[in-house]
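Observations on chain architecture
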Amino acid sequence: MPTLQELCALVQGELSGEPSTEISGVAALENAGPTELAAIENQKYVPLLADSRAGAFLVPRELGQELDRPCIFTEFPQAALNLVIESFGLHVPRPAPGVHPTAVVEPGASIGEKVHLGAYAVVHAGAVVGAGCVLSAHVVVEGDVVIGDDCVLEPGAVVHNGARLGSRVHLGACSVVSRQGFGFAPSPQGPIKLHHVGLTVLEDGVHIGAGTTIDRARFDETRIGALSALDNQVHIGHNATVGQRTFIAAQSGMAGNSHIGDDCKLGGQVGLANHARIGNRCGIGAQSGAMGTWEEGTTLLGSPAFEKTEFFRMLSALRKLSKKKKQ
Amino acid sequence: MPTLQELCALVQGELSGEPSTEISGVAALENAGPTELAAIENQKYVPLLADSRAGAFLVPRELGQELDRPCIFTEFPQAALNLVIESFGLHVPRPAPGVHPTAVVEPGASIGEKVHLGAYAVVHAGAVVGAGCVLSAHVVVEGDVVIGDDCVLEPGAVVHNGARLGSRVHLGACSVVSRQGFGFAPSPQGPIKLHHVGLTVLEDGVHIGAGTTIDRARFDETRIGALSALDNQVHIGHNATVGQRTFIAAQSGMAGNSHIGDDCKLGGQVGLANHARIGNRCGIGAQSGAMGTWEEGTTLLGSPAFEKTEFFRMLSALRKLSKKKKQ
Amino acid sequence: MPTLQELCALVQGELSGEPSTEISGVAALENAGPTELAAIENQKYVPLLADSRAGAFLVPRELGQELDRPCIFTEFPQAALNLVIESFGLHVPRPAPGVHPTAVVEPGASIGEKVHLGAYAVVHAGAVVGAGCVLSAHVVVEGDVVIGDDCVLEPGAVVHNGARLGSRVHLGACSVVSRQGFGFAPSPQGPIKLHHVGLTVLEDGVHIGAGTTIDRARFDETRIGALSALDNQVHIGHNATVGQRTFIAAQSGMAGNSHIGDDCKLGGQVGLANHARIGNRCGIGAQSGAMGTWEEGTTLLGSPAFEKTEFFRMLSALRKLSKKKKQ
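Predicted, not measured: the structure shown is a model, and the values here were computed from it.

Description of the interface of chain A and chain B
- Listed per partner, the contact involves 47 residues of chain A and 44 residues of chain B.
- Per-element accounting of the side of chain A that touches chain B gives the leading share, 6 residues, to helix α5 (residues 308–326) of chain A.
- Residue composition of the side of chain A that touches chain B, by class: 22 nonpolar, 19 polar and 6 charged.

Section: unusual backbone geometry
- Cis geometry is found at the peptide bond from B:Ser303 to B:Pro304, where omega equals 0°.
- You can see B:Pro304 is positioned in the loop between β38 (299–301) and β39 (306–307).
- Backbone geometry places C:Arg245, a non-glycine residue, at a positive phi of 55°.

Focus on the nonpolar core
- Core analysis: the largest hydrophobic core is formed by 229 residues, its most contacted members being A:Val141, A:Ala290, B:Val141, B:Ala290 and C:Val141.
- Excluding anything up to four places from it in sequence, B:Ala290 contacts B:Leu272, B:Ala273, B:Ala276, B:Ile278, B:Ile284, B:Leu300 and B:Ala305.
- With 29 residues, the next largest nonpolar core counts B:Leu7, B:Ala32, B:Ala54 and B:Ala80 among its residues.

A word on the packing of helix α1 (residues 4–11) of chain A against helix α4 (residues 77–87) of chain A
Residues and elements named next belong to chain A.
- The contact between α1 and α4 brings their axes to 9 Å, and the two run at 120°. Here α4 runs oblique to α1, going by the angle between their axes. The chirality of how α1 crosses α4 is right-handed. Between α1 and α4, the contacting residues are Leu-7, Leu-10 and Val-11 on the first element and Ala-80, Leu-83, Val-84 and Ser-87 on the second.
- When grouped by side-chain class, the residues that make up the contact of α1 with α4 number 6 nonpolar, 1 polar and no charged.

Side note on the environment of C:Met1
All names here are of chain C.
- Secondary-structure assignment places Met-1 in the segment before α1 (4–11).
- Residues Met-1 and Phe-88 lie 87 residues apart in sequence; the distance between their C-alpha atoms is 9.1 Å.
- Aside from chain neighbours lying at most four places away, what touches Met-1 is Glu-22, Ile-23 and Ser-24.

Here we look at the sheet that holds strand β4 (residues 56–59) of chain B
All names here are of chain B.
- Taken in spatial order, the 5 strands make up an open sheet running β1-β5-β4-β3-β2, and their pairing is mixed. In this open sheet, the two strands that pair with only one neighbour each are β1 (14–16) and β2 (25–26).
- Examined bridge by bridge, β1 and strand β5 (residues 71–73) share 3 bridges and lie antiparallel to one another. Bridge pairing links Glu-14 to Phe-73 in β5.

Re the relation of the copies chain C and chain B
- Superposing chain C onto chain B takes a rotation of 120° combined with a translation of 0.0 Å along the rotation axis, leaving an RMSD of 0.0 Å. Those values place the two copies in the arrangement expected of a three-fold rotation axis.

Regarding the environment of B:Asp204
Residues and elements named next belong to chain B.
- Checked against the element boundaries, Asp-204 lands in the loop between β22 (199–202) and β23 (207–208).
- Measuring from C-alpha to C-alpha, the distance between Asp-204 and Ala-226 comes to 4.9 Å, with 22 residues separating the pair along the chain.
- Excluding residues within four positions of it along the chain, Asp-204 makes contact with Gly-166, Ser-167, Arg-168 and Ala-226.

Rules used throughout
Residues numbered from 1 in each chain as written. Chains lettered and ligands numbered in written order. Predicted model: local features only at pLDDT ≥ 70, side-chain atom pairs only at ≥ 80, totals over all residues. Contact = placed C-beta atoms within 7 Å. Helix = DSSP H or I, 4+ residues; strand = E, 2+ residues; numbered from the N terminus. Nonpolar A, V, L, I, M, F, W, Y, C, P; charged D, E, K, R; others polar. Core = buried A, V, L, I, M, F, W, Y, C linked by C-beta atoms within 7 Å. Buried ≥ 20, exposed ≤ 12 C-beta atoms within 10 Å, placed from the backbone. Axes fitted to C-alpha atoms, helices over the stretch in contact; angles between N-to-C directions. Parallel < 35°, antiparallel > 145°, perpendicular 65-115°, else oblique. Left-handed = near helix turned anticlockwise from the far one by under 90°. Pairing = 2+ DSSP bridges. Least-squares fit on C-alpha atoms with pLDDT ≥ 70 in both.

Set out below in structure tokens:
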């Protein structure tokens, strides 16, 4: 078992407590046992510390220094915990480079060095797959696709033509990227589907969840900014754009041509209407439906969505009214 | 064609009517013809009986005894109808045991007796698959997975590391079980994805729909209780827990760390917020969004969700108010 | 580069402007450069024309005739643009007929002429696949399935038993058609899943998005009418029926036995309750939840959904009330 001192060195923290204390593993704050390490990253969890049986804590100095408990002080406790988890070998390891004999790589596809191609992965002619990528079992990459270095595509992910992935992009299982957008128009023969010939750009470090679908632009681009993360079963319509470091929770959807800025947080099952424009640093509560233009820093709630204060005012007025009726 | 008497014996019911009547098949109450059998399981459908042209009915004694029509009395008419459907060979048969030559079973995977492995199924080293399981075409089972006996995995289902399936679990096509949860934290290099090292436990008889996604716990467990059923495109976040015999309709989502008890019914497109705690025997109407703690037996409606009576009072007050404005 | 005259002939339009003008490509109205062609199909975009730098426009005569700009007059500008896109080779081409050596076609499956079977596609015994179909990589077609001519199944689409597809049906990646419906009933052994033995009928020209799931009928049919289009991640329950030329945006869901007529438009994340009946030419706004019966031509908004005028009246009354409280 590693000692507290060894783990402290690993995460480049500062030790407070007996260095030779042995740590057997990691756990959640409320369930950790006396030889386990737990992490607390903000004030909210400090009240739980007293009751925790954890053997030691990863904690920012300002939260932990009053504690008379073994601590490793670090500005980034959860990131540090990731390193500890890796040192214990508890994480899911990255598959080793190598091409499974059943993988189909068509002539004319370009596969970088140290790539892992899983069983039955299919890469069509013309595709470019960067170095160090992991294409898991049953992944399909069409021909007009560029994938940067060190990307991970989980089993069954489908990358259609027109996709341009940066480096370190992660696609969840059964996600579908760069699908033809949902656009139809009348013709002499009845409604026909419009060709979508733009791109789908996922910048560096973008994370896409399982079952998430992202449509290709009609012209120009659908774009997800660097380090943004989309949870499972999210839908992004054609020509929608997402800024950087924006988090979108499960089952949310952005209609075609909608936009959300940098550093936003969307709850689950949120909808953005066509041409909605949401500024940077906005928050949108779960199940809200946002239309129109909202400036930087707004918090939205409700369907249709209103600014938070207005939403609560309306809800409160309605509750009062309904109680009055009762009397 | 089997006679009414034969079908009655098959379902262990009680016959009321001419035993030698021949039955040609089964149908819905409103469309059944004079040689077809239909089932009625509750009071609600009794008024439709008079108009039904069905040749005979599977019906509980208390609903059918006043009828002057051929009946098989049984406490469980729909379960009985399942048996009749099987006797006619109308159901989708379970594939025979056998391993398709294209299935990839890595050395170190343990496959039970009488398992069906479909074309291009992939089972990674370390996985344990119980006896009598059906892994359909293109199923992927990662290495740190245990699957009990008699489970059915539909085409393209993906079972990630950390999954622990009981017996008789059913996974729909393109469902994704035990995916790494949606958790990120700051690091010196910007936001990083947190390792999720807990388990995903699906107890005996759990049913998971097509395209449904279930995330692995950060620590501890995500758990779906025995005989609970999730429809298509449901999302279950990391560390969420579902009790036993709970039914969740399509496109509903449970955020991380939310909980719902035993014997609950959720409509479609319902959302449960982080840390929501819903007691046993609760009902939640379609599109509702539940937060906080609700005790056993509560019915919730609306987004945000209120207890049913309060929801209707609010809705009614609003409707009255809007009509007043009109005048 | 083709000339305006050549493109005009291609789309069978009427030329207004210098015939020898060379066109280098196509683009969106707002981004088109001086050698590019853009399309405008309705009045709404006419104000943008003046600012567009496009070299020429595809436009209906009545919108374009006042313009002093090079135009190709056509009643169907977007359909014409599709033809131009194809002439430039910008669209995703249909894969050539041919059977990949890794495709598994079980004996007893019937495959039409000029079919494309991608890598690892699986067609079970008994299935009928019409002429000219494209079954992309990893598609799975079960045995009791009939697929008409010229259908396209994107990678990973799963077609279960009971599906009956017309001609020119399009299935998105990871879509799941004809899954057993979500129906359970009590039995002496606890809840059991009911056999669904009806059909799933997708009429000619139906379009199904990625990750969309369509359940098989208990008896009778689940049916999507000709030329209707469902976006990504839509869910259609057992025995639900959709009329012709109806468009359903992403993440909407229809519960079992619900019905929507011809020529309807549903926004994203809409829900239809069990047994809801929506007439022809109805519109339902995003995130609305419709119950009960609504006659032809109704526009619905809200959850629960009301007729549009009533919805706005309620919303307006609530806003006024909440502002009053402030004072």
